[in-house]
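Inside the fold
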Amino acid sequence: MQASVINIEKIRKDFPILERKVHKDKPLVYLDNAATTQKPVQVIEAISNYYLNYNSNIHRAVHELAEEATAAYELTRDKVAKFINAPRREEIVFVRGTTEAINLVAYTWGRQNVGKDDIIVTTEYEHHSNIVPWQLLAKEKGARIEYVGVDDGGQLMLEQLDRYLETGRVKLVTFSQMSNVLGTISDSEEIVRRCKARGVRVLVDGAQSVPHMKVDLQRLGCDFFAFSAHKMLGPTGVGVLWARRDLLEGMVPFNGGGDMIREVHKYETTWNDLPYKFEAGTPNIADVIGFGAAIDYLEAIGMDRVREHEVEITRYALEKLSEIKGMKIYGPMDAGKRGGVISFNLGDIHPHDLATIIDEDGVAIRSGHHCAQVLMERLDVSATSRASFYIYNTKDEVDVLVRALNRARELFRI
Amino acid sequence: MQASVINIEKIRKDFPILERKVHKDKPLVYLDNAATTQKPVQVIEAISNYYLNYNSNIHRAVHELAEEATAAYELTRDKVAKFINAPRREEIVFVRGTTEAINLVAYTWGRQNVGKDDIIVTTEYEHHSNIVPWQLLAKEKGARIEYVGVDDGGQLMLEQLDRYLETGRVKLVTFSQMSNVLGTISDSEEIVRRCKARGVRVLVDGAQSVPHMKVDLQRLGCDFFAFSAHKMLGPTGVGVLWARRDLLEGMVPFNGGGDMIREVHKYETTWNDLPYKFEAGTPNIADVIGFGAAIDYLEAIGMDRVREHEVEITRYALEKLSEIKGMKIYGPMDAGKRGGVISFNLGDIHPHDLATIIDEDGVAIRSGHHCAQVLMERLDVSATSRASFYIYNTKDEVDVLVRALNRARELFRI
Amino acid sequence: MSSADIYREIILDYYRNPRNYGKIPNPDVAQRDSNPLCGDELEMHLNIKDNKIADVKFTGKGCAISQASASMLTELIMGKDFEEVKKLSKEDILENLGLHDLGPARIKCALLSLKVLKSGLYSYLTEKMKDTASADKMKEEASGLY
Amino acid sequence: MSSADIYREIILDYYRNPRNYGKIPNPDVAQRDSNPLCGDELEMHLNIKDNKIADVKFTGKGCAISQASASMLTELIMGKDFEEVKKLSKEDILENLGLHDLGPARIKCALLSLKVLKSGLYSYLTEKMKDTASADKMKEEASGLY
Ligand SMILES: Cc1ncc(COP(=O)(O)O)c(C=O)c1O
Ligand SMILES: Cc1ncc(COP(=O)(O)O)c(C=O)c1O
């Protein structure tokens, strides 16, 4: 194993799944981290420990278990606020994931603020979760949805954003801080600056950025921010919507039910304080607590070092992959300015076939449209293969990937 | 420990939390099961095992982990369908819990089918999650919400339902199969029959019934059905919406995003098949798998025996509690016709004070409005105390509760 | 603290025989709030004259802690200088009640009356005194209580 | 089965040189579907005369398995009796392709063409033959494929 900015051997010991063999005897090489990451034992144990020792519903009971569970659940809120440098803890709303966070904004703020002939601007490299909710809203309201294009280098064409902004009809600009296909890191602060200059609200999809680089919401200056725990060592079923307090206060509730109310009467109801107004029903208590352990784990390594490690491995992978005959890589080629997500196609091998073949060698990558069909149309492909890295991946694993791809090439006689 | 229809000593061994002491040295007596139940090691291990051995995002990848995870996730869908005797697996939609299930129906079917001056009928003993979503919908559409009253014996006054049905303007009747405060078991089949006779749709909130008695959807005959895993030995963060296939097919999607689409284009999108159309984004994979283990556990005991055990302990508790000076019990008194949820007040001790006092003796009960403020108004109380039982509770624990209540009585000089 | 310490004679007495219970006709301040967790309700009425609390009354329903706390708070502030009342802290209330180490759920019961008081002062400062700076401070303090 | 077994010469040949690729002008049946999981698309055109498949063509994009499967299916049904084609099963298709033990994700690729065929026959039976009983059977079979 190569020297690295992080102690990778120690880290790998915390992920028992990496010891696993697939297809009988092949060591697992897990390169599907953009879909979901593996979880360290610290996270798994935080969840078990909750169930084994202090499982209880929260907020409304006074017995000891309930107090312990409530305190642990709320502690994660503090950890999240600190991790992304949010101004206030009550601006952190727990949801199921990025998808639910964005839909929440569309159903509440969106339905209150977007009207006929208004424009919602998104981008050609968005995940479906940052397109479909706005299509649904646009359809309901008679509004329009427009796309900032992606150039051949995988970058957003911001002059198109300017043109939309100039119409004066844009109500929201929404974009991903890091593309889950191209690895492009958006020029987020610049986009926010241009929107703010026109008084336009901005939502940033941080599903791929928060797990892989330091994010500072106070610097970023956006209005809404969304991300998922399961893509950053945390459990499935938890995500975060952050929004500025004044916006949350003005927003109608999303789901109605327990915990989000102040007083329920037969014909009228008042809402609870932030953030509970947006957390209806029994939340995913155990996994929120597990998410806290994931944040602790990342904080202990340090996000700058996480990023450095990924730049290093991405640089190595871009170099090695480029040497393969018939290889086409999509997205920016400068590892220092992109994330650790590499999409590619190899000759005329369809990504599905490619993934099946290299899975036999233990290599898990993703193949398909990556929930980004609009981008697939833009790239004029039906699908790509995608390898994505995280803190536990090594250059040795990149070598295994490369060998497996060469075997596929031979099988397809390319 | 007393003889019981179930092997309670064996069962208690599966719940390590029951060995726990609270307030230094008091054995935990957990009687807050209507809020959330404890989890057997089988469920906790199913979750850990997923993360330790085959954690992966599902449905879209072809590598081995993804296939294992997808198979396990989908297997729970089959288990759920069988458990509640649903006609088809694709009618089972995984959501966060009962609350989200009901909101999903309100946002989709509700917004499509409820119009101005239409009536939505609910009941006075509903949980907030079966009131607030309908208030929000009624407000948006200019519809009305009406309540079937509760009589002094804790039963629904069905003649009021008839009167609403006679108006011909009722679009939906929605009610809880078991009250989470009074323990009343609704006469569900009769209510459904009356609604069906008028072609009115029916939603049944099964949050308190599915965990405690055999539910057979094909016999029940309703249109929508909702419940939560965490109230039936399963993890937090998972619930089920069941709806008839033809209804689901006609419903617009709820959340937009990954997995729920067939094809996304810039300006138009088509939807995936059932049930995926309603499962947008990365689902709570680990906990759905854990939920499968919870169903296995209950099936192994047998729901008839679960019910029998609860009737026995509820009968004992009703008897012992009635003997306490100053005790007022709400709801039906015949244990054979009600669930294992007992709400009460003791003299002028406020339930919060009572719960604090007996918590010192290790007894965890709930106190407050139980997310049923409309019922509190009906009962003319601001709150009640509530003890609720499950498979691992014993008569000895009821005795501990009774002793603790008597201590509270002395402290308050009643 | 143990429940025997919490539910002392004096707390039970204030719970069962609350002092200053009731309403003031045409009060200078009328403020109501409820605890969304347990449903406790509290309404406080104040008259303020010559920078002093000229009269104060409360109504409400809730647990012994919240009701005794409210009643004792009314006694504490009756006749006090307005500036002093503005400064009342969480610690003052708990001191006055003789309650320490309450758990996170029950401490909200003890502080509901202070929250209502501070919210009421916020409205008073905003509307009658046009003193937004002090008002905002009250509001922050009220929402910081829990 | 191993990928060396899946990606035999013949599968690659059908992938790269699909037989019956294209469209039929004014076909009796035109059916399109896509696999929401991977984005594979397939459109099939059929002409039916004298209770036989008089002509069949397909277009699409997708993996080697789905494209070879579609092409081989067109060859299999060309000229066949309509009744026989209605009876085609999942097993027939896999047999014809020489593919066994595909995982749950990849088997969908192999069966997409059969799904499209059955959906097409459903429309044909409903609209042209007014045979709802047979049509419903086709629909059930199509949705049962995955
Ligand atoms: C009858 C009833 N309905 C709905 C709910 C809400 O369930 P959840 O909080 O799991 O969404 C509950 C429990 O809290 C309940 O008891
Ligand atoms: C950029 C981006 N946005 C949104 C999502 C959706 O996240 P989730 O599926 O956790 O809701 C993903 C991942 O799937 C993503 O990569």
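Residues numbered from 1 in each chain as written. Chains lettered and ligands numbered in written order. Predicted model: local features only at pLDDT ≥ 70, side-chain atom pairs only at ≥ 80, totals over all residues. Heavy atoms only, no water.

Helix length check: helix α14 (residues 395-411) of chain B, at 17 residues, gives a terminal C-alpha distance of 25 Å against a target of 24 Å (1.5 Å per residue), a fit within 8%. Note on α14(B): the residue one or two positions beyond its end, Arg413(B), has a positive phi of about 55°. (Helix = DSSP H or I, 4+ residues; strand = E, 2+ residues; numbered from the N terminus. Expected span 1.5 Å × (residues − 1).)

Lining the immediate environment of ligand 2, one finds 15 residues, of which Thr99(A), Asp205(A), Ser228(A), Lys231(A) and Thr282(B) sit closest. Each of chains A and B places residues near ligand 2. One nitrogen or oxygen atom from the side chain of Ser228(A) is found 2.7 Å from an oxygen atom belonging to ligand 2. About the coverage of ligand 2: the protein hides 97% of its 390 Å² of free accessible area. When grouped by side-chain class, the residues that make up the shell around ligand 2 number 1 nonpolar, 12 polar and 2 charged. (Near = heavy atom within 4 Å. Polar contact = N/O pair within 3.5 Å; in protein donor to acceptor, adjacent residues only side chain to side chain. Areas by Shrake-Rupley, 256 points an atom, 1.4 Å probe, with all protein chains shown as cover. Nonpolar A, V, L, I, M, F, W, Y, C, P; charged D, E, K, R; others polar.)

Moving on to the site of ligand 1. In the region of ligand 1, 15 residues are neighbours, and Thr282(A), Thr99(B), Asp205(B), Ser228(B) and Lys231(B) sit closest. Contact between ligand 1 and Gln208(B): an oxygen atom at 2.7 Å from a side-chain N or O atom of the residue. Contact with the protein chains hides 96% of the accessible area of ligand 1, taken as 390 Å² for the molecule alone. The class makeup of the residues in the shell around ligand 1 is 1 nonpolar, 12 polar and 2 charged.

Before going further, it helps to examine the relation of the copies chain B and chain A. The two copies are related by a screw motion: chain B maps onto chain A through a turn of 180° and a shift of 0.0 Å along the axis, at an RMSD of 0.0 Å. Taken together, the turn and the small shift mark the pair as related by a two-fold rotation axis. For chain B, the minimum C-alpha distance to the rotation axis belongs to Gly237(B) and amounts to 3.3 Å. (Least-squares fit on C-alpha atoms with pLDDT ≥ 70 in both.)

Let us look at the interface of chain B and chain A. Counting residues at the interface gives 95 residues for chain B, matched by 94 residues for chain A. Across the interface of chain B and chain A, roughly 7600 Å² is buried in total on both sides, 53% from carbon and sulfur atoms. Looking only at chain B, the three residues that lose the most surface to chain A are Tyr51(B), Arg96(B) and Lys266(B), adding up to 10% of its buried area. One can count 10 salt bridges joining chain B with chain A. With a closest N to O distance of 2.8 Å, Lys266(A) and Glu124(B) form a salt bridge. Linking chain B with chain A are 53 residue pairs in polar contact (both at pLDDT 80 or more). (Contact = heavy atoms within 4.5 Å. Buried area = accessible area lost by both parts, 1.4 Å probe. Salt bridge = Lys/Arg side-chain N within 4 Å of Asp/Glu carboxyl O.)

As a further point, take the domain arrangement of chain A. All names here are of chain A. Once the domains are mapped, chain A shows domain 1 (8-30 + 302-411) and domain 2 (45-299). A straight line from the C-alpha centre of domain 1 to that of domain 2 covers 28 Å. Taken residue by residue, the interface counts 33 residues in domain 1 and 31 residues in domain 2. Summed over both partners, the interface of domain 1 with domain 2 buries about 2500 Å², with 60% contributed by carbon and sulfur atoms. It is Met 303, Arg 378 and Tyr 390 in domain 1 that bury the most area against domain 2; as a group they hold 26% of the surface buried on that side. The shortest N-O distance in the salt bridge between Asp 152 and Arg 378 comes to 2.9 Å. Seen at the junction of domain 1 and domain 2, the total is 15 residue pairs in polar contact (both at pLDDT 80 or more). For the side of domain 1 that touches domain 2, the secondary structure elements donating two or more residues are α11 (303-322), β14 (341-346), α13 (373-379) and β17 (384-388). The element best represented in the side of domain 1 that touches domain 2 is α13, accounting for 6 residues. For the side of domain 1 that touches domain 2, a count of residues per class yields 17 nonpolar, 8 polar and 8 charged. (Domains from an automatic or database assignment.)

The subject of this paragraph is the pattern of salt bridges. Considering all chains together, one arrives at 98 salt bridges over all chains under this definition. Among the salt bridges present, the one from Glu190(B) reaches Arg193(B), with a minimum N-O distance of 2.8 Å. You can see Glu190(B) and its partner Arg193(B) sitting in helix α7 (residues 188-197), 3 residues apart, about one turn around the helix. Take Glu190(B): its relative accessible area is 18%, and that puts it in the buried class. The salt bridge involving Arg194(B) is made with Glu190(B); its shortest N-O contact spans 2.7 Å. Linking Arg194(B) with Glu190(B), this pair stays in helix α7, spanning 4 residues, or about one helical turn. The exposure class assigned to Arg194(B) is partly exposed, which follows from its relative accessible area of 21%. One connected set of salt bridges, linked through shared partners, spans Glu74(A), Arg77(A), Asp78(A), Arg89(A) and Glu279(A). (Buried < 20%, exposed > 50% of the residue type's maximum accessible area, 1.4 Å probe, protein only.)

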